[in-house]
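Residue strings, one per chain:
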Amino acid sequence: MIPARFAPILFGLILSGLMSCIVSGIATLRALGAVDGFVAAWMGSWVVAWAIAFPTVLLVAPLTRRIVALLTAAPQRG
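This one's a predicted model, so the numbers in the text were calculated from it and none came from an experiment.

**So, the environment of A7**
Structurally, the position occupied by A7 is in helix α1 (residues 7–32). Residue classification places A7 among the partly exposed residues on the basis of a relative accessible area of 41%. Sequence spacing of A7 and V68 is 61 residues, and the spatial spacing of their C-alpha atoms is 19 Å.

Here it is as structure tokens:
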């Protein structure tokens, strides 16, 4: 089992992997169409996209949490 303290990093790894896989698949399909070698081209695009997406997710997560907290904060009563 992975220690709980690594949960945010593991979350970012899985989220960025899944999202970059889906987005790179759609972008590759739109660019090339359903041609021979599509899967190889997609996997090549995915590796590059994931290498960019994972550190980006880790860097922007704190800002995203703050924005979500501001947008979902309960109104002040007084």
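The discussion continues.
**Details of α1**
Across its 26 residues, α1 extends 37 Å between first and last C-alpha, which sits within 8% of the 38 Å expected from 1.5 Å per residue. A positive phi of about 80° marks G33, the residue just after α1.

**Examining the layout of surface pockets**
Within this model, the largest pocket holds a volume of roughly 160 Å³. Taken together, P8, I9, F11, G12, L15, V57, L58, A61 and R65 make up the full set of residues lining the largest pocket. If you list the elements that add at least two residues to the lining of the largest pocket, you get α1 and α2 (38–72). If you tally residues by element for the lining of the largest pocket, the top one is α1, at five residues. Considered class by class, the residues forming the lining of the largest pocket number seven nonpolar, one polar and one charged.

**Quick look at a nonpolar patch on the surface**
A cluster of nonpolar side chains, contributed by I2, F6, I9, L10, L13, I14, L18 and L58, occupies part of the molecular surface with about 680 Å² of accessible area. Tallying contributions element by element places α1 first for the nonpolar patch, with five residues. Take L13: it is sitting in helix α1.

Rules used throughout
- Residues numbered from 1 in each chain as written.
- Predicted model: local features only at pLDDT ≥ 70, side-chain atom pairs only at ≥ 80, totals over all residues.
- Heavy atoms only, no water.
- Helix = DSSP H or I, 4+ residues; strand = E, 2+ residues; numbered from the N terminus.
- Buried < 20%, exposed > 50% of the residue type's maximum accessible area, 1.4 Å probe, protein only.
- Expected span 1.5 Å × (residues − 1).
- 1 Å grid on protein atoms, 1.4 Å probe; cavity = no way out; pocket = protein on both sides within 12 Å on 5 of 7 lines; lining within 4 Å.
- Points joined across faces, edges and corners; volume = space filled by probe spheres on them.
- Nonpolar A, V, L, I, M, F, W, Y, C, P; charged D, E, K, R; others polar.
- Patch = residues over 30% accessible without salt bridge, like charges linked within 9 Å, V, L, I, M, F, W, Y side chains within 5 Å.
- Areas by Shrake-Rupley, 256 points an atom, 1.4 Å probe, with all protein chains shown as cover.
- Salt bridge = Lys/Arg side-chain N within 4 Å of Asp/Glu carboxyl O.

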